[in-house]
Amino acid sequence: MTGSLNSASGGTTAAAARAVFGTPVRYCPSCGASLDGPAGFVHEYWVGGDRQFHCWCPECYLLCTVVLSQLVTSHEPEH
Ligand SMILES: [Zn+2]
């Protein structure tokens, strides 16, 4: 581990998380604002093989989870 995840306010900043873990979530999925600011929040956790990113956007107040699935199972419609 090369850096601290704690911001001055005691939370984890998106910039700090990306610096340490390389999180791919950098912008709000709703409004596109950067999540790197001191009020932005990105927290990564795992469910099975899926990477999940719990995010807070200080611009549009969106609280969401972005999931990078290890596997997606779907069907192909008939042609
Ligand atoms: Zn937003």
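Refer to the structure above for everything that follows.
So, how was this worked out
Every chain begins its residue count from 1, and numbering advances along the sequence as written. Thresholds applied to this predicted model are a pLDDT of at least 70 for local features of residues and 80 or more for the giving and counting of side-chain atom pairs; totals over whole chains, interfaces and linings are not thresholded and use all residues. Numbering of helices and strands runs from the N terminus; a helix is a DSSP stretch of H or I covering at least four residues, while a strand is a stretch of E covering at least two. Labels follow a simple rule on C-beta atoms placed from the backbone: if 20 or more others lie within 10 Å of a residue's own, it is buried; if 12 or fewer, it is exposed; otherwise it is partly exposed. In this description, strands pair whenever DSSP reports at least two bridges between them. Interaxial angle, 0 to 180 degrees, is taken between N-to-C directions of lines fitted to C-alpha atoms, where a helix line uses only the stretch in contact.

Quick notes on unusual backbone geometry
Next up, step 1: Notably, Tyr 61 is not glycine yet its phi reads approximately 65°, a positive angle.
Next up, step 2: Relative to the elements of secondary structure, Tyr 61 occurs in the loop between β2 (50-56) and β3 (63-68).
Next up, step 3: Given 10 C-beta atoms within a 10 Å radius, Tyr 61 is considered exposed.

A word on the sheet that holds β2
Next up, step 1: Ordered by their spatial adjacency, three strands build an open sheet running β1-β2-β3, and the pairing between neighbours is antiparallel. Looking along the sheet, the strands with just one partner apiece sit at the ends: β1 (41-47) and β3. Averaged over all neighbouring strand pairs, the angle between strand axes comes to 25°, with direction disregarded.
Next up, step 2: Sheet analysis places β1 next to β2, joined by seven bridges and oriented antiparallel. Bridge pairing links Val 42 to Cys 55 in β2.

No statement about biological role is implied by the geometric values presented.
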